[in-house]
Amino acid sequence: MRSGPDGDEVRAYATEHLGAEDGVLIVDETGFLNKGQSSAGVQRQYTRTAGRIEKAQVGVFLALATSRGRALIDRRLYLPERSWSHGPERRTAAGIPETVQLATKPRLASEMIAAAWTPGSPPPG
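Residues numbered from 1 in each chain as written. Predicted model: local features only at pLDDT ≥ 70, side-chain atom pairs only at ≥ 80, totals over all residues. Heavy atoms only, no water.

**Quick look at the pairing of strand E4 (residues 69–78)**
Thought 1: As paired elements, strand E3 (residues 52–66) and E4 share 9 bridges and run antiparallel to each other. Across the sheet, residue Ala65 finds its bridge partner in E4, namely Arg70.
Thought 2: Hairpin connection of E3 to E4: 2 residues between the antiparallel strands. (Pairing = 2+ DSSP bridges. Helix = DSSP H or I, 4+ residues; strand = E, 2+ residues; numbered from the N terminus.)

**Examining helix H4 (residues 105–116)**
Thought 1: The terminal C-alpha atoms of H4 lie 17 Å apart, and with 12 residues this matches the ideal 16 Å at 1.5 Å per residue to within 8%.
Thought 2: Among the residues of H4, those classed as buried are Leu108, Ala109, Met112 and Ala116. Along H4, the residues classed as buried sweep out an arc of 100° about the axis, all on the same side.
Thought 3: Capping the start of H4, Thr104 holds a side-chain oxygen 3.1 Å from the backbone nitrogen of Arg107, two or three residues further along. (Expected span 1.5 Å × (residues − 1). Buried < 20%, exposed > 50% of the residue type's maximum accessible area, 1.4 Å probe, protein only. Arc of directions from axis to C-beta. Polar contact = N/O pair within 3.5 Å; in protein donor to acceptor, adjacent residues only side chain to side chain.)

**Quick look at the packing of aromatic side chains**
Geometrically, a pair of aromatic rings is defined through the distance of the ring centres and the angle of the planes.
Thought 1: This model, assessed by the stated rule, comprises 1 aromatic pair.
Thought 2: Consider the rings of Phe32 and Phe61, whose centres lie 6.2 Å apart with planes at 70°: the pair is edge-to-face. Residue Phe32 is located in strand E1 (residues 24–33), and its partner Phe61 is located in strand E3; the two are separated by 29 residues in the primary sequence.
Thought 3: A relative accessible area of 37% means that Phe32 is categorised as partly exposed.
Thought 4: The ring centre of Trp84 lies 4.0 Å from the NZ or CZ of Arg90, which sits over that ring.
Thought 5: Sitting over the face of the ring of Tyr78, Lys105 holds its NZ or CZ atom 4.9 Å from the ring centroid. (Phe/Tyr/Trp six-rings, centres within 6.5 Å; stacked < 30°, edge-to-face > 60°. Lys NZ or Arg CZ within 6 Å of the ring centre and 35° of its normal.)

**Focus: the pattern of salt bridges**
Thought 1: In total, this model carries 7 salt bridges according to the counting rule given.
Thought 2: Ionic pairing is found between Arg107 and Glu111, a salt bridge with its closest N-O pair at 3.1 Å. Placement of both Arg107 and Glu111 in helix H4 is noted, with a separation of 4 residues, approximately one turn of the helix.
Thought 3: Owing to a relative accessible area of 31%, Glu111 belongs among the partly exposed residues under this scheme. (Salt bridge = Lys/Arg side-chain N within 4 Å of Asp/Glu carboxyl O.)

**Concerning the side chain of Thr47**
Thought 1: Inspection of the secondary structure assignment puts Thr47 in strand E2 (residues 43–47).
Thought 2: A polar contact is formed between the side chain of Thr47 and the backbone nitrogen of Gly31, at a distance of 3.5 Å.
Thought 3: Leave out the neighbours within four places in its chain, and Thr47 touches Gly31, Leu33, Arg52 and Ala56. (Contact = heavy atoms within 4.5 Å.)

Function cannot be inferred from these measures alone, as they are strictly geometric.
In structure tokens:
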């Protein structure tokens, strides 16, 4: 799921200001402790933030790092299949569109990396 500025706009801005010739892409997941019942993606799951299993949301993030600086250029919310693949009423209550498909963290990372590539150029890093 995405919110805020379009990922393409953020990537274009970061690339313009940081360059990409010597750039590398960095993928990381981060957990956000959250006790909410209807917040998208909340489930008891392991998160490095707590260092144990807790109720949390997990985001997968993509950053661009160059010799001129670094910036987050994309993000995706991980939706745990165990509790979010069934029960459309829970997805609707959390504001998750039907078009959003559940995906593993590696798949989310792969999708963001693919979107970060400029057509016709070699992949960063």
